[in-house]
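The chain contents come next:
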Amino acid sequence: MKSEQRLSDLRALSADQLSDELVNLKKEQFNLRFQGATGQLENVARVREVRRDIARVRTLQRQKTLDAAKA
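No experiment lies behind these values; they were computed from the predicted model shown.

Draft legend 1. A look at the overall build of the protein chain. A count of helices and strands for the protein chain gives three helices and zero strands. Beginning at the N terminus, the succession of helices and strands in the protein chain can be written as α-α-α. In terms of overall size, the protein chain is more extended than a compact globule, its C-alpha atoms giving a radius of gyration of 14 Å where 71 residues would be expected to give roughly 11 Å. Viewed in the frame of its principal axes, the protein chain has a C-alpha envelope of about 50 × 25 × 15 Å. Counting the 71 residues in the protein chain, one finds 17% classified as buried. A sequence separation of at least 24 residues applies to 65% of the contacts in the protein chain between residues at least 6 apart.

Draft legend 2. Broad picture of the environment of Gln17. With respect to the helices and strands, the residue Gln17 is situated in helix α2 (residues 15-38). Judged by its relative accessible area of 40%, Gln17 falls in the partly exposed class. Separated by 40 residues in sequence, Gln17 and Val57 have C-alpha atoms that sit 10 Å apart.

Rules used throughout
- Residues numbered from 1 in each chain as written.
- Predicted model: local features only at pLDDT ≥ 70, side-chain atom pairs only at ≥ 80, totals over all residues.
- Heavy atoms only, no water.
- Helix = DSSP H or I, 4+ residues; strand = E, 2+ residues; numbered from the N terminus.
- Rg over C-alpha atoms; globule rule 2.2 N^0.38 Å.
- Buried < 20%, exposed > 50% of the residue type's maximum accessible area, 1.4 Å probe, protein only.
- Contact = heavy atoms within 4.5 Å.

In structure tokens:
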């Protein structure tokens with residue numbers, strides 16, 4: 001349910017907004033990896049969530065690119 005809501009929110013974004021979201025997720029992923037390396041990471045499940053969100057954004061970007069090419 002939570003991922004479906006997240007996916008519908010991402011689908012509503014434009015291509016530029018998806019790019020911005022991807023940059024933010026990449027920064028968060030870096031910070032989480034850094035926290036994990038220094039032993040400060042509290043929510044280890046967040047690493048998996050962020051990785052999957054990055055995949056969702058990239059998939060949507062690819063879909064929008066293909067849809068634009070068809071039109």
